[in-house]
Amino acid sequence: MERFVGNSPTETRYLVSGMDCASCAAKIETAVRRIDGVEDVSVSIASGSLTVRHADALSTEVIASQVSRLGYGVKPAGNDGKARLEEGHSGEAGTGGPWWRSKRALLTIASGVALAVAYAIGKLVPGAEHWAFVAALLVGLVPIARRAVMAALAGTPFSIETLMTIAAVGAVLIGATEEAATVVLLFLIGELLEGVAAGRARASIQGLADLVPKNALVERDGGTAEIPAASLAVGDLIVVRPGDRIPADGEIVEGSSEIDESPVTGE
């Protein structure tokens, strides 16, 4: 966790897993802004990160707890202040393993198995078919409904989870339990695929960011000095040796050479 402490406020950064779309980011931002002592919130979907400016007296655990109640994984960012992605094989950020071991994947698998069992029970014991599909429905719907309630309490009453919960309950009331359980499973599969795609995109972005040099060779007082690229100021004269990557945007003032443009093009 990086905390920039001046007179006030404090800035804290977190890595958030399971945040795959703009609506997810909006829910998190709305929930965190409602915490007393929070001054500003910035959510990045691309990096899966959350940056909060808050009063120094506000515990960072309070912020993390507010995000986790929405159903997202949250942990402090790296010591260098950058959100580091712990990707499995195209998995979700922060899961620390392959995507099929994530909580989202396990829930989807459990819901699929429950639906298959309900179909089997319906064929073997037709009289128990209704309750078998209700049980299969609850396997996937209960976590979704919980997220819907937490989002509503945090200031987002009309989330996709809320709409899915209302639709599923409505289907049960009209006797369409089989359709309700199937729709919930399809919703979970859609969320899982969205998470995998977002994880791959974040991994690509992180790979591109890693191409940028962390240090720069600056000309000062008739000599050169190596300093962190993040500390460069406007007007600094950077020396780029043959084969080096350029650590910052700038204008060529002297010399000629081949330039490695991979940090810009992503090639």
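For the structure itself, look to the data block above.
Residues numbered from 1 in each chain as written. Predicted model: local features only at pLDDT ≥ 70, side-chain atom pairs only at ≥ 80, totals over all residues. Heavy atoms only, no water.

1. Comments concerning helix α2 (residues 60-68)
Part 1 of the argument: Here α2 has its buried residues at Thr60, Ile63, Ala64, Gln66 and Val67. Angular distribution of buried residues about the axis of α2 spans 160°; they occupy a single face of the element. (Buried < 20%, exposed > 50% of the residue type's maximum accessible area, 1.4 Å probe, protein only. Helix = DSSP H or I, 4+ residues; strand = E, 2+ residues; numbered from the N terminus. Arc of directions from axis to C-beta.)

2. Here's the deal with a nonpolar patch on the surface
Part 1 of the argument: On the surface, Leu106, Ile109, Val113, Val117, Ile121, Leu124 and Val125 cluster together into a nonpolar patch covering about 640 Å² of accessible area.
Part 2 of the argument: When you line up the elements, Val113 lands in helix α3 (residues 103-124).
Part 3 of the argument: Judged by its relative accessible area of 47%, Val113 is partly exposed. (Patch = residues over 30% accessible without salt bridge, like charges linked within 9 Å, V, L, I, M, F, W, Y side chains within 5 Å. Areas by Shrake-Rupley, 256 points an atom, 1.4 Å probe, with all protein chains shown as cover. Salt bridge = Lys/Arg side-chain N within 4 Å of Asp/Glu carboxyl O.)

3. Points about the packing of aromatic side chains
Part 1 of the argument: Counted by the stated rule, this structure contains two aromatic pairs.
Part 2 of the argument: Considering the side-chain rings of Trp99 and Trp100, the 5.8 Å spacing of their centres and the 80° angle between planes classify their relative orientation as edge-to-face.
Part 3 of the argument: Residue classification places Trp100 among the partly exposed positions, given a relative accessible area of 42%.
Part 4 of the argument: Considering the side-chain rings of Tyr119 and Phe133, the 5.0 Å spacing of their centres and the 85° angle between planes classify their relative orientation as edge-to-face. You can see Tyr119 sitting in helix α3 and its partner Phe133 sitting in helix α4 (residues 129-153), a full 14 residues away along the chain.
Part 5 of the argument: The class of Phe133 is buried, set by a relative accessible area of 1%. (Phe/Tyr/Trp six-rings, centres within 6.5 Å; stacked < 30°, edge-to-face > 60°.)

4. Regarding the packing of α3 against α4
Part 1 of the argument: It is the contact of α3 with α4, at a shortest axis distance of 8 Å, that shows an interaxial angle of 175°. Our classification of the angle between α3 and α4 gives roughly antiparallel. Taking contact as the criterion, the partners of Leu107, Ala110, Ser111, Ala114, Leu115, Ala118, Tyr119, Ile121 and Gly122 in α3 are, on α4, Glu129, Ala132, Phe133, Ala136, Val139, Gly140 and Pro143.
Part 2 of the argument: Looking at the contact of α3 with α4 residue by residue, the class counts come to 12 nonpolar, three polar and one charged. (Axes fitted to C-alpha atoms, helices over the stretch in contact; angles between N-to-C directions. Parallel < 35°, antiparallel > 145°, perpendicular 65-115°, else oblique. Contact = heavy atoms within 4.5 Å. Nonpolar A, V, L, I, M, F, W, Y, C, P; charged D, E, K, R; others polar.)

Any functional reading would require information that these geometric values do not contain.
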